[in-house]
Amino acid sequence: MQAYLDNSATTRPCEAAIRAMEACLREGWYNPSSVYKPSVEAFRRLREARENVLKPLRGSGCDLIFTSGGTEANNLAVLGAVTRMRGRQTVAVSAVEHPSVRAAFDALGALGHDVRVIGVDTRGDLDWAALEKAMDDGASFVSVMQVNNETGALLDIQRLHRTVNGRALIHVDGVQGYLRVPFDMKYADLYTLSSHKIHGPKGVGALAVKKGVKLAPRQIGGGQENGLRSGTENTPGIAGLSAAVTEMLDLGPDMADGLMAKKLRLIDGVRRAVPDVIVNGPDPAVAAPHIVNLGFPGVRGEVMLHALEGEGVCVSTGSACSSKKLKVSGVLTAMGIKPNVAEWAVRFSLSPHTTEEEIDYAAQKIGTLYGLLTRVQRR
Ligand SMILES: Cc1ncc(COP(=O)(O)O)c(C=O)c1O
C-alpha cells in the first residue's frame, strides 16, 4: 500500500492534463506568434487557456502572464512591481513567505528599499498592527501568501484589503490556495499560481495582473506576454495547466469540504494512535482544507519521514525546496514555536484525489512507528 500525502510539494499530473499536452505536442505545436492558420489556432488556444485560468479568480478585469512556475511569477510580481516605481520604496512582506518571495524582498533590501518584515502569531495570523504601521509609514507594496505551505494557515485577505485601503499594491502568493480556497481578484492587484500543485505539469505557472498595474519585465526579448515575459510560450505546459484547471473545477463546489473532511479524518486517526501529537499552527478546522503540520514529541521530523517512507507513505518536514537542508523550519520558528518542538514537525498535504484508504493507512503506520521510535529512543 502507498499513501502520497505530500501534495503541497507536487501533485500527480491528471489524465486530462497529460492528454492535452500530448495533443499539443503532436498537433498543436505551432508557434503562437506566427501568422499561418495553425499558429493562429495556437494563439487562440492560448487566449482560451488564459480565460480558463483566470475564471475561478473572478479575474475578468485582469491580464494573465504565463511563467515557468510560481517562483518566476513571485519574482515578477515583487521585483517587477517595485523596480517599476520611482525611488526608494517602503515595502512589506510577511515573515512566513516562500523563499521565492522572501529572496525577492532580500534583493529589494540590497537595492536600498526599506523592507518591513511583518511577524505572525502562533496561529500564523499577521501582526496587523505592524502592517498598519508600515502603511502609515508609506508602504507602496505588500506581499503575503493566501495559504501557508507548511501549516495551512489562511490569510484574512479581506482584512488585508481593508488595512491597505488602496494605499499600496497587494500581491498574494496563491500557489497553495488556487482552486482549493476561493479567491477574488477584487482583493489583490497581483496573484501567483502554479500548475504542478493542482495536478498540472511542472514548469508552468502564472501571474494574474489587475489591469492598469505596471510591471517591469524580468525577462526581455521578443515581447511575448504583453512584453512582460519574453520567450516562445510553453504551449504544451499551458494546455496541461488549463486542462488541470477544468478538471479541478469539474469536481464541483463540494470539493473543498471533501478535502477538509479527509484532513480531519487524518488528524483524528493520528490522535487516536498518538494522543500526544501536536498541531503546529492554526486550528485545523479553520485552516486550509488540505494542509496540516503535526509534531510527534520526541521524534525528529526527518526520522518519522524516513520511517514512513519505508512503509510507502510520502510526507515532508517542510517545503520541498528546503526539506533537504535539515534545518528547523523558519516558518514554524517565526510563529514562535520553540526550535526543539519545531524539530518534530511533519507536514501532511492532501489533494482531492487522496483516498480515505491512504489516510487510514498512514494514521495506522504513524501509530506503530511512533511506538517503535520512542521505545528505541528511550533505551
Ligand atoms: C507558497 C509557495 N509559493 C511558491 C512556490 C514555488 O512554486 P513553483 O514550484 O511553481 O516554482 C511554492 C512551491 O512549493 C509554494 O509552496
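These lines cover the structure that appears in this document, whether it is placed above or below.

Moving on, we come to the pairing of strand S5 (residues 141-145). Burial analysis of S5 places five of its five residues in the buried class, the great majority of the element. Two strands pair when backbone bridges link them, and strand S3 (residues 90-94) and S5 are joined in this way by three bridges, in the parallel orientation. From the neighbouring strand, alanine 92 faces S5, where its bridge partner is valine 142. In the sheet, S5 pairs with strand S6 (residues 169-173) via five bridges, with the strands oriented parallel. Residue pairing for S6: phenylalanine 141 is matched across the bridge by leucine 169. With helix H6 (residues 157-164) bridging S5 and the parallel S6, this β-α-β connection has right-handed handedness.

Attention now goes to the pattern of salt bridges. If charged atoms from side chains of opposite charge come close, those side chains can pair. This structure, assessed with the given rule, holds 19 salt bridges. A salt bridge links arginine 116 to aspartate 137, with the shortest nitrogen-to-oxygen separation between them at 2.8 Å. Residue arginine 116 is located in strand S4 (residues 114-118), and its partner aspartate 137 is located in the loop between helix H5 (128-136) and S5; the two are separated by 21 residues in the primary sequence. Its relative accessible area of 32% is what places aspartate 137 among the partly exposed residues. Here aspartate 137 and lysine 133 are joined by a salt bridge, their closest N and O atoms 2.6 Å apart. For lysine 133, a relative accessible area of 48% corresponds to the partly exposed category. The structure contains a network of salt bridges with shared partners spanning Glu41, Arg44, Arg45 and Glu48.

Residues Leu160, Phe296, Met304 and Phe348 are the most contacted members of the largest nonpolar core, which totals 85 residues. Examining the composition of this core, we find that eight residues originate from one element, helix H12 (residues 356-378), more than from any other. When residues are assigned to domains, this core turns out to be shared by domain 1 (3-10 + 253-378) and domain 2 (15-250), each giving three or more. If near-sequence neighbours (up to four positions away) are discounted, phenylalanine 348 is found in contact with Leu5, Leu266, His290, Ile291, Val292, Leu294, Phe296, Val315 and Ile366.

Here we come to unusual backbone geometry. A positive phi is found at asparagine 165, a non-glycine position, where the angle reads about 50 degrees. Along the chain, asparagine 165 turns up in the loop between H6 and S6.

Calculation rules
- Residues numbered from 1 in each chain as written.
- Predicted model: local features only at pLDDT ≥ 70, side-chain atom pairs only at ≥ 80, totals over all residues.
- Heavy atoms only, no water.
- Buried < 20%, exposed > 50% of the residue type's maximum accessible area, 1.4 Å probe, protein only.
- Helix = DSSP H or I, 4+ residues; strand = E, 2+ residues; numbered from the N terminus.
- Pairing = 2+ DSSP bridges.
- Right-handed = clockwise from strand over helix to strand, strands pointing away.
- Salt bridge = Lys/Arg side-chain N within 4 Å of Asp/Glu carboxyl O.
- Core = buried A, V, L, I, M, F, W, Y, C linked by side-chain atoms within 4.5 Å.
- Domains from an automatic or database assignment.
- Contact = heavy atoms within 4.5 Å.

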